[in-house]
Amino acid sequence: MSVQDIAPATGVGDRAQYGVCAALALLGVVVIVDATRIGAATSSNDPVGPKALPFIIGAALVLISVFYALDVARGGVGEAEGGEDVELGAPADWRTVGLLAGAFVLNALLIERLGWVISGALLFAMSAYALGNRHHARGLAVGIVMSLTTFYAFAIGLGVSLPAGILQGIL
Amino acid sequence: MDNINGLLGGFADVITPMNLLIALLGVLIGTAVGVLPGIGPAMTVALLLPLTYGLPVEQSLILFAGIFYGGMYGGSTTSILLNTPGESASVVTALEGNKMAKSGRAAQALATAAIGSFVAGTIGTALIVLVMPQVVDFAITLGSPEFLAIILVAFVGTAAILGSSRVRGFAALLVGLTLGLVGTDFVTGQQRLTFGSPFLADNIDVVVIAVGIFAVGEALWVAAHLRRKAATVIPVGRPWLSREDWGRSWKPWLRGTALGFPFGAIPAGGAEIPTFLSYLTERKLSKNPEEFGKGAIEGVAGPEAANNASAAGTMVPLLALGLPTNATAAIIIAAFMSYGIEPGPLLLTKEPDLVWMLIASLFIGNFFLLVLNLPLAPTWAKLLRIPRPYLYAGILFFASMGAYAVNGQPFDLYLLLALGFLGFAMRRFGIPVLPLIVGAILGPLFERHLRRSLQTSGGDLSGLFGGPVAWVCYALIIAVLLWPLLARLRPSRQEGIAS
């Protein structure tokens, strides 16, 4: 339980962490630049104005990126998260992640054109395929059952906004 | 005895056939989803948020109370039968629980967890009834400067105390605060960090952030590291306890409850410390200390009770102050906000019926949990064998549906994916996710109190240091921030504390 800022040096540090520091610093700069764009809008009613907090947060982001980099330079390593189905020994499987992101974007592109029943079923089937499912027909069948069930339960039963798309009038 | 009357009124509202059915449904779905490997209580609640969209606020709160306790209990089943806990609060349960399961006592481990959760949940919920109105009475006397200080304590607490690295905690907090900035300023109408996008001008919905970070981030992370060989599931019959098991369990339940509730109720207390403390206490007090490490029932009974009591404890700051102290509470706040209900000290005065109904539903959900879970345990155990491709594809499916349904615009799906990759990166680099969620939810509230404080004082900075409450908060923050420096100055003493 003890809180330790500096993990013991492990020899080879995790260099990719400097990328995180750079990203944090960049985010900080973006927040500050965006804040300068906001016109002077303080008034006696609102002495703080909309600019103050972005400036503080932006500066703090830049500051924390420096501390983060110092921590990494001293050998600090963030421990990757474990879990029930996680095996950390092997390197990350980018092909799976890429396919999942593809399925995700496809759903976003198709959801209003074809409707949730079709785009959701495709999302499920493609994701299952990316994750190693090789029963293509069964994956698609499960996806169709799930998207139909959710469509009827949520869109029709509860009035949640899910588009019917080209199946409008059929469902 | 206003609170007793309020509670009775709450029960009267809940006990209608329809509402009881909804409570039962909440417990069933919450447990079923919570049992699924890889889905902790926070993700359960985040994924099931869309269920509440179409319901009136009363029924959605009843449903939610069931999901809340169901998800908690489901998580402990997973850690006992699989030994790879999905979330840190269940780590201690897995320690002895899985050893018990391996030596053929899975039924007893599940039974002591279920009954212990019930005992802790009931006592914890009763304590909410006693404590929460007191905290509200105190909280409504506080002004903006005090609230500002309390929110800062929550920020510093979640960033610096929970988790193993302060730098990473603060980095997560700041990213969350940045997400909270995006949108239209509520006083002047100026756009911040929207980059001209009309979708961002309307602020980023907290539900999208929570689902993106918890569900999509987790699914992508697991997908990149998926264990190709499924972990072994220990078969289990109907849970039961022998006379001896009862004798060994009831005291740990009570002690675990006593440890868990206060930790849950303070900002940044969490469930990890009390479950661990409970484990140590039981090992010390046990008549059979040699059994610890081999499957001692006390080591399941105590921490499980502590875990649930802590969850009940989080309801106190949640309902009385509008402060989320763990990830699940953060998502419940998001659910409140999606109904236009502002959590905070005025909640009990403005919406007393809702608050008491929610508390009554917690009692009822907790009872259903006990009634359902003892006979259904073997069914739940079967869920652990769900093929992993379907499980994680299902998480992405429900996450997309939930995020789309918030505003009905595909833009949120792209945002969800981007937040998912952010969650992925945070898991890769060991950056805690809770400070991010807390920052995103409390950031706007923080700014409102900041501006109101300085408005009252006419821009004078002294307006920030209201009364004694604020002073205590700032003293606490300084102590937490300076602690590592002080500890370093006294290396000889530090060894005694660190162990």
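Keep in mind the model is a prediction, meaning the values are calculated, not measured.

1. Structural notes on the overall build of chain B
Piece 1. Scanning chain B for helices and strands turns up 21 helices and 2 strands.
Piece 2. On C-alpha atoms alone, chain B measures out to a radius of gyration of 22 Å, which is about the 23 Å that the 2.2 N^0.38 rule sets for 499 residues.
Piece 3. Across its three principal axes, chain B shows a C-alpha extent of roughly 70 × 55 × 50 Å.
Piece 4. Residues counted as buried form 63% of the 499 residues belonging to chain B.
Piece 5. Looking at chain B alone, contacts between residues at least 24 apart form 78% of all its contacts between residues at least 6 apart.

2. Concerning the overall build of chain A
Piece 1. For chain A, the count of helices and strands is 5 helices and 0 strands.
Piece 2. Across chain A, helices and strands are ordered from the amino to the carboxyl terminus as α-α-α-α-α.
Piece 3. Out of the 171 residues belonging to chain A, those deemed buried represent 41%.
Piece 4. At a minimum sequence separation of 6, the contacts of chain A that also span at least 24 residues come to 61%.
Piece 5. In the structure as shown, chain A presents an accessible area of about 8,400 Å², 67% of it carried by carbon and sulfur atoms.

3. Considering the packing of aromatic side chains
Piece 1. With the rule as written, the count across this model stands at 15 aromatic pairs over all chains.
Piece 2. Between Phe367 of chain B and Phe368 of chain B, the ring centres sit 6.4 Å apart and the planes meet at 45°, which makes this aromatic pair tilted.
Piece 3. Under the relative-accessibility criterion, Phe367 of chain B is labelled partly exposed at 44%.
Piece 4. Taken together, Trp116 and Phe124 of chain A together with Tyr390, Phe397 and Phe398 of chain B form an aromatic cluster joined through their ring pairs.
Piece 5. Over the ring of Phe429 of chain B we find Arg428 of chain B, and its NZ or CZ is 4.3 Å from the ring centre.
Piece 6. When the ring centre of Phe186 of chain B is taken as reference, the NZ or CZ atom of Arg448 of chain B above it lies at 4.9 Å.

4. Remarks on the interface of chain B and chain A
Often, the extent of an interface is quoted as the loss of accessible area upon association of its parts.
Piece 1. Facing the 86 residues of chain B at the interface are 85 residues of chain A.
Piece 2. Summed over both sides, the interface between chain B and chain A buries roughly 7,300 Å², with carbon and sulfur atoms accounting for 68% of that surface.
Piece 3. The largest share of the area that chain B buries against chain A comes from Arg168, Tyr390 and Phe397 of chain B, three residues that together contribute 10% of it.
Piece 4. Linking chain B to chain A there are 3 salt bridges.
Piece 5. Linking chain B to chain A there are 13 residue pairs in polar contact (both at pLDDT 80 or more).

5. Some points on a nonpolar patch on the surface
Piece 1. On the surface, a cluster of nonpolar side chains totalling about 710 Å² of accessible area is made up of Ile478, Leu481, Leu482, Trp483, Leu485, Leu486 and Leu489 of chain B.
Piece 2. With respect to the helices, strands and loops of the structure, Leu485 of chain B is situated in helix H20 (residues 468-489).

6. Section: the pattern of salt bridges
Piece 1. The full count for this structure, using the stated rule, is 15 salt bridges over all chains.
Piece 2. The closest approach of N and O atoms between Arg168 of chain B and Asp71 of chain A, which form a salt bridge, is 2.9 Å. Here Arg168 of chain B is found in helix H7 (residues 166-181), whereas its partner Asp71 of chain A is found in helix H2 (residues 52-73) on a different chain.
Piece 3. Take Arg168 of chain B: its relative accessible area is 2%, and that puts it in the buried class.
Piece 4. A relative accessible area of 4% places Asp71 of chain A in the buried class.
Piece 5. The salt bridge involving Asp245 of chain B is made with Arg105 of chain B; its shortest N-O contact spans 3.2 Å. Residue Asp245 of chain B is found in helix H10 (residues 243-265), and its partner Arg105 of chain B is found in helix H5 (residues 91-139); the two are separated by 140 residues along the sequence.
Piece 6. Judged by its relative accessible area of 2%, Asp245 of chain B is buried.
Piece 7. Each of Asp185, Arg192, Glu447 and Arg451 of chain B takes part in a single network of salt bridges with overlapping partners.

7. Digging into empty space enclosed by the protein
All names here are of chain B.
Piece 1. Counted according to the given criterion, the structure contains 4 cavities of 30 Å³ or more.
Piece 2. Counted as a void, the largest cavity has a volume near 60 Å³.
Piece 3. In terms of lining, the largest cavity is formed by Thr52, Val57, Ser60, Leu61, Phe64, Ile332, Ala335, Phe336, Tyr339 and Ile341.
Piece 4. If one sorts the elements of the lining of the largest cavity by residue count, helix H4 (residues 57-82) sits on top with 4 residues.
Piece 5. Split by residue class, the lining of the largest cavity holds 8 nonpolar, 2 polar and no charged.

8. Quick look at the nonpolar core
Piece 1. Counting 214 residues, the largest nonpolar core has Tyr68 of chain A together with Ile359 of chain B as the members making the most contacts within it.
Piece 2. The biggest single contributor to this core is helix H16 (residues 352-383) of chain B, with 18 residues.

9. What about unusual backbone geometry?
Residues and elements named next belong to chain B.
Piece 1. The backbone of Leu193 sits at a positive phi, close to 55°, despite the residue not being glycine.
Piece 2. Mapped onto the fold, Leu193 is located in the loop between strand E2 (191-192) and helix H8 (198-201).
Piece 3. One non-glycine residue, Asn203, adopts positive backbone phi at about 65°.

10. Considering the layout of surface pockets
Piece 1. Taken as a whole, the second largest pocket holds about 1,000 Å³ of empty space.
Piece 2. Counting residues per element, the ones that place at least two in the lining of the second largest pocket are H2 of chain A together with helix H6 (144-161), H7, helix H19 (434-456) and H20 of chain B.
Piece 3. Of all the elements, H2 of chain A adds the most residues to the lining of the second largest pocket, at 9 residues.

11. Digging into the confidence of the model for chain B
Residue and element names in this part refer to chain B.
Piece 1. Scored by pLDDT, chain B comes out at a mean of 86, with 95% of its residues at no less than 70.
Piece 2. Note on residues 493-499: pLDDT under 50 across the span, and 4 contacts to partners over four residues away in sequence or across chains.
Piece 3. Interface confidence for the predicted complex, expressed as ipTM, amounts to 0.90; the pTM equals 0.88.

12. Observations concerning helix H18 (residues 411-428) of chain B
Piece 1. With 18 residues, H18 of chain B ought to run about 26 Å at 1.5 Å a step, and its terminal C-alpha atoms sit 26 Å apart, in line with that.
Piece 2. Along H18 of chain B, the positions that sit buried rather than exposed are Asp412, Leu413, Leu415, Leu416, Leu417, Leu419, Gly420, Gly423, Phe424, Met426 and Arg427 of chain B.
Piece 3. The secondary structure elements touched by the buried residues of H18 of chain B are helix H3 (94-114) of chain A together with H7, helix H9 (206-224), helix H17 (388-407) and H19 of chain B.
Piece 4. Gly430 of chain B lies just past H18 of chain B and shows a positive phi near 65°.

13. Digging into the side chain of Thr93 of chain B
Piece 1. The topology assignment puts Thr93 of chain B in helix H5.
Piece 2. Those residues in contact with Thr93 of chain B that sit more than four places away from it in its chain are Ser76, Ser79, Ile80, Asn98, Val300, Pro303 and Glu304 of chain B.

14. Regarding the environment of Gln59 of chain B
All names here are of chain B.
Piece 1. Inspection of the secondary structure puts Gln59 in helix H4.
Piece 2. The exposure class assigned to Gln59 is buried, which follows from its relative accessible area of 19%.
Piece 3. When the C-alpha atoms of Gln59 and Phe429 are compared, they prove to be 40 Å apart, with 370 residues separating the residues in sequence.
Piece 4. Beyond its immediate sequence surroundings of up to four residues, Gln59 is in contact with Met18, Asn19 and Ile22.

The rules behind these values
- Sequence order sets the numbering: in each chain, residues are counted from 1 along the sequence as written.
- To label them, take the chains in the order written and letter them from A, then take the ligands in the order written and number them from 1.
- Only residues with pLDDT of 70 or above have their local features reported here, since the model is predicted, and side-chain atom pairs are shown and tallied only from 80 upward, although totals for entire chains, interfaces and linings are computed over all residues.
- Think of the side-chain values as coming from all heavy atoms in the structure, minus any hydrogens and water.
- Numbering of helices and strands runs from the N terminus; a helix is a DSSP stretch of H or I covering at least four residues, while a strand is a stretch of E covering at least two.
- For this measure, only C-alpha atoms enter the radius of gyration; the expected value for a globule follows 2.2 Å times N^0.38, where N is the number of residues.
- Note on exposure labels: buried denotes an accessible area under 20% of the residue type's maximum, exposed denotes more than 50%, and partly exposed covers the range between, all computed with a 1.4 Å probe on protein chains only.
- Any pair of residues with heavy atoms lying within 4.5 Å of one another is described as a contacting pair.
- Values of accessible area rely on a 1.4 Å probe in the Shrake-Rupley scheme; residue burial ignores everything except the protein chains shown.
- Pairing of aromatic rings covers Phe, Tyr and Trp, the last counted by its six-membered ring, and requires centre-to-centre distances within 6.5 Å; plane angles under 30 degrees mean stacked, over 60 mean edge-to-face, and any other angle means tilted.
- Working rule: Lys NZ or Arg CZ, within 6 Å of ring centre, within 35 degrees of ring normal, means a charge sits over the ring.
- Buried surface area refers to the total accessible area, computed with a probe of radius 1.4 Å, that the two partners give up upon joining, counted for both partners together.
- The salt bridge definition used is simple: a Lys or Arg side-chain nitrogen within 4 Å of an Asp or Glu carboxyl oxygen.
- Here a polar contact is taken to be a pair of N or O atoms separated by no more than 3.5 Å, where protein atoms must pair a possible hydrogen donor with a possible acceptor and residues adjacent in sequence count only if both atoms sit in side chains.
- In this scheme, patches are assembled from residues that exceed 30% relative accessible area and form no salt bridge. Like charges are connected within 9 Å, while nonpolar side chains (Val, Leu, Ile, Met, Phe, Trp, Tyr) are connected within 5 Å.
- Two kinds of site are reported from a 1 Å grid over the protein atoms alone, namely cavities, where a 1.4 Å probe fits but cannot get out, and pockets, open sets with protein on both sides within 12 Å along at least five of seven lines, and residues are called lining when an atom falls within 4 Å of a point.
- Grid points are joined across faces, edges and corners, and a volume is the space filled by probe spheres set on the points.
- Any residue that is not Ala, Val, Leu, Ile, Met, Phe, Trp, Tyr, Cys, Pro, Asp, Glu, Lys or Arg is counted as polar, Gly included; the first ten are nonpolar and the last four charged.
- Side-chain atoms within 4.5 Å are what join buried Ala, Val, Leu, Ile, Met, Phe, Trp, Tyr and Cys residues into a set we call a nonpolar core.
- As a per-residue measure, pLDDT tells how confident the predictor is, with possible values from 0 to 100.
- Each helix should span, by expectation, one fewer than its residue count multiplied by 1.5 Å.

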